Structure formats: C-alpha cells, structure tokens
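Architecture at a glance
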Amino acid sequence: MNKKEVAHIRKQFKMDNDLMNIEDILNVYIMKETNEIYHWERLPFGLLDKEKQELYMGNFKKLLTGELDHKLFELKFQEAAEEPAQVLLHQALVSGDPEEWQDLMLMLVERMMTDAKYERDMVITFVRGQYYLPTKARNDEAEESEKNEVFAHPFILCSVNSTEKQRKTLLFDYVEREFKYNVIVDPIIKLSTPEQGFLYPSVTDNYSDVNRILYCTGKSNFPDPHFVEQVLNGERSVTALEERAIFEDIVKEVTGEQLDSATIAQVYEEINRVIEINEETKEEEPPKLDYKDLERVLNASGVEDVTTEKVERAFETIVDNKNYEMKATSVMPKFTSKSIKIETKVATISVSPQDLRYLKQVNFQGKRCIMIEVDEDVAIEGFTLSTETLL
C-alpha cells in the first residue's frame, strides 16, 4: 500500500460522497474497572443524525492520517496463528448478514480485552461498507462516467478511542438569574484523537489485498505490540524510527563513530536525491537502499576507504542480512524542515539536514564549540550581536 492509495481512501470519508457507502456501525463501550463490555450498539450508518455522521467521518479520516511506517503500518498476517484473525476478518468482510458481522466484531473485541489493561474507559467503533478506487486513468474525452471507471472495495474499519470525564463548571442561568454549579457525569469520547485501529483489507496496485491489513496508531513510531500480534495476528513491522537507528549503526560500522557535519549533510543530500528521482519517475513503491546503494552514497559523500566488502560486513553485523533493504524515506529526518535537534547543556539548536554543512564543532582555546555560519546579523531580544574576529 502506498501513500497515494491511503490518501485516496482517506479523502472518501466525507458526507454525501457517492464513492463511499458505509452500511453499518457498531459501537462497543468497555469499562476500565472490569475490563468488560458494558454496552454495545449496532445501527445502519444512514440512520444516525447528520451531526453524528460528521463526527465519525472526522474520526475515520483522522485515524488514516499519518505517514507509512510512522503512524500507518501495512502488516502481513502471521502464517502460524492458532485462531487467525485473517479468517475472522475475511468472514466478516464477505458476510451479507449484519448480525453475523456484529458477532464476529464482538469476538475481535474479546481479543482486545484479553491480557490488556486500559487506563480509561474505551469505545471501539467498527464500520463496514465499500469505497471505490479507479481501475484506470480517467479520460476526460471519453463519455464514460466516473462510476464506470471505478471498482467497489468492501472494507471493515475499526477505531479505538479513549474517554475522559467532563470538567466541573460554573454556569449562569439567564432565566433564573443565578450562578449554578454544573456536574456532568457522561464521559466524552475522544473521537478527534483515535488511539489506534485498522482498515481491512489493505490495497495493492488499486486492488484489495486480503492477505494484508493496514494498522493505524495514534502515537508515531509506537505501534501497540499486543494489538498488532495478539489481536490482528500481524507480523512485526519495523518503524521508521527503528529503520533510522539501523541505518545509523550500519554507517558507523563502516565509517567509525565520528563524521564532520559537511559529510553528514552530503550523505543526506545523496539519499534525498534518490527520493526525488523516485518521485520524478512516479514510481509507486518507495525507494530502498541496499548495501550497494549505501556504498555509492558514502563514496559520493566523500567518505574514505569505503569498499563493498566493508558495507556488506556492516549489514551482516547489524541486521544479520547483507541483502537487507532500508526505505530511503525512513533513514533520514525531513530534508527541508528543521528536523534535526542538537541538544547541549547551554542550548538546543534545530537545523535541517540540507543546512548541516553550515554548522561545525570546533576547538577554540581548548574548549569544544559549535560554530554556525550565518548570512545575516543575529538579533537577541531586540539587540544585534556584535561580530567578533577569532584568531
């Protein structure tokens, strides 16, 4: 599943959209004290008030918002699972009986509650329906309508949301002309910040892929291991944060612990060039770096004494697989934003990877200092810093 396919599905979750049809919604309320189902309710989605439908649409869109390998993870199903979630989900997907679908989703909720302890009351929302993806590029000169150019994809979406108690407030009653102490015991369901969830099935080349599932987490780079492995029976996925750590360890294995800022900036620039070429050629799959690619990147960045054997050995040492491939978009911070944080006891400096070349660590009068090249005068609290000449 690529970001274009995710984006297309996400933008379908809006009101009065012919390309999205949600049939049923099931809400399940779980009490934190007992870790049991307190109440559940299934309704045809079309019977909900428009205001409620809009709230849910916002929740589903928020759930599917984020970058792949950061907040969204396409998972393969475990082959050796005893009671495969894939079988349960596929049965629910093809079922035309709302009650059977409801019962299968409640079985999935039981999995979520097993060996899990919630800090707050939780609401788990399931919907089923179908959305439409294009089967070919649209031809504006053709007389075919858009519906003739799309294919229906049945889906199940799950959104897990926490609750919070409403605050005690002081109100003024205009009629009675008095101040009133107001306590509302009904909890608020935090639909604007879903904790986690999933979309089944995933999509590959604009076709439904029932062998994969899209897992969504509200906390970037921190998928819930219990939900992924025990509830969904999904295979463990490497996060972008973990992939970046792997990349850094491999580079340090080849080059040593220390690199100057200009070299690091050049490494990031070479990787960004790979990403840009991929975007220009409109490749669907994200670009990846194997040991040959990394060797080329390091040589192009001016790192000395880099050989194929060295890089192969580094891959085998760090990941025990010389043929391992890293996603180029995962191994570096955002190239054009100030995504690199340099923290010292004195100050925290934010800089973009492309501007690292203007920053150096130097030794001045026996002390380590950070020197930043600037084109303009630096102002602090309205005062312009004077320029000193260092000998």
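Residues numbered from 1 in each chain as written. Predicted model: local features only at pLDDT ≥ 70, side-chain atom pairs only at ≥ 80, totals over all residues. Heavy atoms only, no water.

Quick word on the pairing of strand β2 (residues 36-44)
With eight bridges joining them, strand β1 (residues 20-31) and β2 adopt antiparallel strand pairing. Bridge pairing links Asp 24 to Pro 44 in β2. Joining the antiparallel neighbours β1 and β2 is a turn of four residues, in which Asn 35 adopts a positive phi near 55°. (Pairing = 2+ DSSP bridges. Helix = DSSP H or I, 4+ residues; strand = E, 2+ residues; numbered from the N terminus.)

Some details on the state of the cysteines
A full pass over the atoms with the stated rule returns zero disulfides. A disulfide-free cysteine, Cys 158 has its sulfur positioned 9.3 Å from the sulfur of Cys 216, the nearest such atom. What makes Cys 158 buried here is its relative accessible area of 0%. For Cys 216, a relative accessible area of 0% translates into the label buried. (Disulfide = S-S within 2.5 Å. Buried < 20%, exposed > 50% of the residue type's maximum accessible area, 1.4 Å probe, protein only.)

Focus on the packing of helix α3 (residues 85-94) against helix α4 (residues 98-113)
Look at α3 against α4: their axes get within 9 Å of each other, and the N-to-C directions meet at 155°. Comparing their axes, α4 and α3 come out roughly antiparallel. The two elements α3 and α4 cross, and the hand of that crossing is left-handed. Within the contact between the two elements, α3 uses Ala 85, Leu 88, Leu 89, Gln 91 and Ala 92 and α4 uses Glu 100, Trp 101, Leu 104, Met 105, Met 107, Leu 108 and Arg 111. When its residues are assigned to classes, the contact of α3 with α4 shows nine nonpolar, one polar and two charged. (Axes fitted to C-alpha atoms, helices over the stretch in contact; angles between N-to-C directions. Parallel < 35°, antiparallel > 145°, perpendicular 65-115°, else oblique. Left-handed = near helix turned anticlockwise from the far one by under 90°. Contact = heavy atoms within 4.5 Å. Nonpolar A, V, L, I, M, F, W, Y, C, P; charged D, E, K, R; others polar.)

What to know about α3
Residues of α3 that are buried: Ala 85, Leu 88, Leu 89, Ala 92 and Leu 93. Each buried residue of α3 sits inside an arc of 135° when the element is viewed along its axis, so together they form one side. In α3, the exposed positions that point more than 90 degrees away from the buried face belong to Val 87 and Val 94. Check the buried side of α3 and you find it contacts α4, β5 (150-164), β9 (196-200), β12 (212-217) and α5 (225-231). (Arc of directions from axis to C-beta.)

Thoughts on the confidence of the model for the protein chain
Interpreting fine coordinate detail is not advised for predicted regions of low pLDDT. Averaged over the protein chain, the pLDDT score is 90; the fraction of residues at 70 or greater is 96%. The weakest mean pLDDT in the protein chain belongs to strand β7 (residues 178-182) at 86; the strongest belongs to β9 at 97. In this model residues 137-147 is a low-confidence stretch, pLDDT under 50, and it forms nine contacts with partners more than four residues away in sequence or in other chains. (pLDDT = per-residue confidence, 0-100.)

So, a nonpolar patch on the surface
There is a patch of nonpolar side chains on the surface, built from Leu 170, Phe 172, Tyr 174, Phe 179, Tyr 181, Val 183 and Val 185 and spanning about 910 Å² of accessible area. Of all the secondary structure elements, the ones that give two or more residues to the nonpolar patch are β6 (169-173) and β7. Here Val 183 lies in the loop between β7 and β8 (188-189). Taking the relative accessible area as the measure of exposure, Val 183 reaches 46% and is therefore partly exposed. (Patch = residues over 30% accessible without salt bridge, like charges linked within 9 Å, V, L, I, M, F, W, Y side chains within 5 Å. Areas by Shrake-Rupley, 256 points an atom, 1.4 Å probe, with all protein chains shown as cover. Salt bridge = Lys/Arg side-chain N within 4 Å of Asp/Glu carboxyl O.)

Here's the deal with the pattern of salt bridges
In total, this model carries 15 salt bridges according to the counting rule given. Linking Arg 236 and Glu 242 is a salt bridge whose minimum nitrogen-to-oxygen distance equals 2.6 Å. Take Glu 242: its relative accessible area is 31%, and that puts it in the partly exposed class. A salt bridge links Glu 269 to Arg 357; the shortest N-O distance between them is 2.8 Å. One end of the pair, Glu 269, is in helix α7 (residues 261-280); the other, Arg 357, is in the loop between β16 (348-351) and β17 (359-364), with 88 residues separating them in the sequence. Glu 269 sits in the partly exposed class, given a relative accessible area of 25%. Within the structure, one salt-bridge network assembled from shared partners comprises Glu 269, Glu 270, Arg 273, Arg 296 and Arg 357.

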